[in-house]
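Tertiary structure, described
Here is what each chain is made of, one letter per residue.
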Amino acid sequence: MSTAITVFKGDGIGPEITDAVLRILDAAGADLSYEIFNVGAAEYEAHGALIPEEGFASFERTHVLLKSPITTPIGKGFRSLNVTLRKKYDLYANLRPAKSNAAVKMPFENVDIVIFRENTEDLYAGVEEMIDADTAHSIKIITRKCSERIFRAAFDYAVAQGRKKVTCVNKANIMKLSDGLFLDVFREVAKEYPQIVAEDKLVDNVCMQLVMNPNQFDVIVTENLYGDILSDLCSGLIGGLGLMPSSNLGADFAMFEAVHGSAPDIAGKGIANPTAFLWSACMLLEHIGKNDAAARIRCAVDEVLTEGKCLTPDLGGTGMTREYEAAIIARL
Ligand code: NAI
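This text gives an overview of the structure that appears in the document. Note that this is a predicted model, so its numbers are computed, not measured.

**Observations concerning the packing of aromatic side chains**
On inspection of all chains with the given rule, the structure shows 9 aromatic pairs. When the ring of Phe151 is compared with that of Phe182, the centres are 4.7 Å apart and the planes differ by 50°; the resulting orientation is tilted. Of this pair, Phe151 sits in helix α5 (residues 144–160) while Phe182 is found in helix α6 (residues 178–190), placing the two residues 31 residues apart along the sequence. Each member of the pair, Phe151 together with Phe182, is buried.

Okay, structure coming up:
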């Protein structure tokens with residue numbers, strides 16, 4: 001039976017990669033129906049809302065959202081729509097897999113790290129104030145409740161996926177209260193999972209370790225800001241942002257998006273790599289039980305990457321998004 005999903009088109013490269021991914025989903029026989037909405041600054045200028053009310057209503061009906069990137073103004077302007085969606089629907093677990101692909105040659109092979117990023121608090125809670133004209137405060141919020149549930153999500157995933165180790169990344173030597181609480185809760189929750197190795201490391205050390213010996217890491221669980229930064233770093237280990245998908249999971253709702261942003265530097269040129277967004281769509285298919293369609297797409301992507309004929313420029317090729325998409329559809 002056809003399953004309805006909500007799709008937000010975003011801006012920058014968002015519309016290009018969305019169109020490519022929806023055509024690939026159809027070619028794979030995913031049997032989805034799409035409720036598609038334009039979101040972001042252009043939508044605001046045209047209709048006065050960053051996300052139309054019907055867009056929220058659709059997500060509340062389907063419970064599943066495929067969201068392409070949205071530009072967030074830097075230093076001023078509206079609050080990030082991504083942060084807004086994660087908070088509004090309590091999408092507390094941001095799962096970001098960084099897995100090497102044999103076809104994309106990088107200094108390290110067999111990187112296979114899954115980052116669990118707490119998605120609702122930390123400095124991203126957006127609690128900021130000007131104390132005077134020359135002093136700004138940004139409040140870092142860490143709670144037992146939100147820490148507990150992200151640790152459980154990470155350990156449950158590790159158990160379900162046969163993973164061996166969970167590393168809690170923190171800076172509790174300096175932020176003794178906030179990161180200290182995060183680390184204390186990690187150690188408590190870890191005791192419930194004796195079959196999984198639990199370790200903790202400071203975030204600065206982890207940055208160095210990741211670029212020296214990434215294969216030592218398995219599942220990483222961390223706060224919102226560290227998770228955001230570390231996942232871009234990990235994408236660099238596997239071939240760049242064009243290859244890193246993500247899911248944002250809560251108790252009732254799930255949102256799937258690429259880790260990358262709207263890439264304004266290449267928007268409209270027809271050269272965006274749609275793979276990260278396509279793999280995010282595969283995670284969505286797996287979330288709703290359409291594993292066969294997801295497997296077909298993953299297999300076709302692997303073949304096209306291995307063949308290497310129409311890779312997009314970020315992967316060292318000269319291919320266009322449409323050529324890459326056509327090659328995947330041909331395989332399907
Ligand atoms: P970005 O991720 O958009 O781009 C960083 C670099 O990676 C650029 O050189 C870009 O061309 C390249 N890149 C990214 N995705 C690519 C793809 N699919 N194919 C080929 N190359 C790709 O990060 P940036 O430039 O810092 O942010 C641009 C805008 O995106 C900002 O407004 C930011 O707030 C927003 N953003 C939105 C996100 C979301 O909607 N989930 C996530 C991250 C950033």
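Back to the text.
**Here we look at helix α1 (residues 14–27)**
The first and last C-alpha atoms of α1 sit 20 Å apart over 14 residues, in line with the 20 Å expected at 1.5 Å per residue. The complete set of buried residues in α1 reads Gly14, Glu16, Ile17, Thr18, Ala20, Val21, Leu22, Ile24 and Leu25. Buried positions along α1 lie against β1 (3–8), β2 (32–37), β3 (64–67), α9 (275–287), α10 (291–307) and α11 (321–331). Phi turns positive one or two residues past the end of α1, at Gly29, with a value near 70°.

**Describing the pattern of salt bridges**
Close approach of charged atoms allows side chains with opposite charge to pair. What the rule picks out here adds up to 25 salt bridges. Two residues, Asp228 and Arg96, come together in a salt bridge whose shortest N-O distance is 3.5 Å. Taken together, the positions of Asp228 in helix α8 (residues 224–238) and Arg96 in strand β4 (residues 93–99) put the pair 132 residues apart, joining distant regions of the chain. Residues joined by salt bridges that share partners form a network here, namely Asp122, Lys140, Asp179 and Glu223.

**A closer look at helix α3 (residues 53–62)**
Taken residue by residue, α3 has Gly55, Phe56, Ser58, Phe59 and Thr62 as its buried positions. Down the axis of α3, the smallest arc covering the buried residues is 160°, so these residues share one side. What points out from α3, more than 90 degrees from its buried face, is the exposed set Glu53 and Arg61. Where α3 is buried, its residues contact β1, β2, β3, α4 (81–88) and β12 (254–258).

About the criteria used
Residues numbered from 1 in each chain as written. Predicted model: local features only at pLDDT ≥ 70, side-chain atom pairs only at ≥ 80, totals over all residues. Heavy atoms only, no water. Phe/Tyr/Trp six-rings, centres within 6.5 Å; stacked < 30°, edge-to-face > 60°. Helix = DSSP H or I, 4+ residues; strand = E, 2+ residues; numbered from the N terminus. Buried < 20%, exposed > 50% of the residue type's maximum accessible area, 1.4 Å probe, protein only. Expected span 1.5 Å × (residues − 1). Contact = heavy atoms within 4.5 Å. Salt bridge = Lys/Arg side-chain N within 4 Å of Asp/Glu carboxyl O. Arc of directions from axis to C-beta.

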